[in-house]
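Overview (structure and organization)
Now for the letters of each chain:
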Amino acid sequence: TFPTSQSVGVTQTDEIVDQPGCSTFTSSNRQFRTTTETGRFGEALAEQYLIKKGYRTIGHNVHMGRQELDLVMLDGETVVFVEVKARKNAAFGTPAEFVTRTKQRNLTVAAERFLHRYGMDDRFARFDIVEIYLEEKRIRHLTDAFSAI
């Protein structure tokens, strides 16, 4: 079983992060050659953003079998598995819409393995999604975005 957090459901924070004195998106005007490159850039942005919100990183690009956890962070004592989706824009749907039920199941399996491997089975845990909109220079953070399945 998955030790879910005691939150009340999805909450979101939506911020324009390219403001004076903010260098978060300084590289976003460049063209990425691969989706992997875009993804890694998005993960780095998401990690910086969450650290500024008080989260602590305990892992990134963690492979558990064939599944990968983009970011594993702590929000207080809660283990947060963060799926990061970076897109140029929302022309083909929001980035979170690409976290399909199959992807959610794979992330659940990977998260359960992670918690067991590192002796964190008794910790509360949740799944967040961070959407990165490169053209708009905007980050949208969905807290407790989906339940373990």
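See the structure shown above.
Residues numbered from 1 in each chain as written. Predicted model: local features only at pLDDT ≥ 70, side-chain atom pairs only at ≥ 80, totals over all residues. Heavy atoms only, no water.

**A closer look at the overall build of the protein**
- Of the regular secondary structure elements, the protein holds two helices and six strands.
- Helices and strands in the protein line up, N terminus first, as β-α-β-β-β-α-β-β.
- Expressed as a percentage of its 149 residues, the buried residues of the protein come to 48%.
- Long-range pairs, those at least 24 residues apart, make up 63% of the contacts in the protein with a sequence separation of at least 6. (Helix = DSSP H or I, 4+ residues; strand = E, 2+ residues; numbered from the N terminus. Buried < 20%, exposed > 50% of the residue type's maximum accessible area, 1.4 Å probe, protein only. Contact = heavy atoms within 4.5 Å.)

**Points about unusual backbone geometry**
- For Lys137, which is not glycine, the phi torsion reads 55° and is therefore positive.
- Take Lys137: it is sitting in the loop between strand 5 (125-133) and strand 6 (138-146).
- Positive phi values are uncommon outside glycine, yet Asp144 reaches one of about 55°.
- Along the chain, the position of Asp144 falls in strand 6.

**Re the pairing of strand 4 (residues 78-87)**
- The element strand 4 is extensively covered by neighbouring structure, given that nine of its 10 residues are classed as buried.
- Connecting strand 3 (residues 67-75) to the antiparallel partner strand 4 that follows it, the hairpin turn spans two residues, and Gly76 within it adopts a positive phi of roughly 70°.
- Bridge count for strand 4 against strand 5 is nine bridges, and the pairing is parallel. By the bridge assignment for strand 5, Ala86 is matched with Ile132. (Pairing = 2+ DSSP bridges.)

**Some words on empty space enclosed by the protein**
- Summed over the entire model, instances satisfying the criterion amount to one cavity of 30 Å³ or more.
- Contributions of two or more residues to the lining of the largest cavity are made by strand 3, strand 4 and strand 5. (1 Å grid on protein atoms, 1.4 Å probe; cavity = no way out; pocket = protein on both sides within 12 Å on 5 of 7 lines; lining within 4 Å. Points joined across faces, edges and corners; volume = space filled by probe spheres on them.)

**With respect to the environment of Glu47**
- Turning to its location among the elements, Glu47 is positioned in helix 1 (residues 35-52).
- Residue Glu47 is classed as buried on the basis of its relative accessible area of 18%.
- Considering only alpha carbons, one finds Glu47 and Thr57, 10 residues apart in sequence, at a separation of 7.6 Å.
- Residues within four places of Glu47 in sequence aside, it is in contact with Thr57, His60, Leu71 and Met73.

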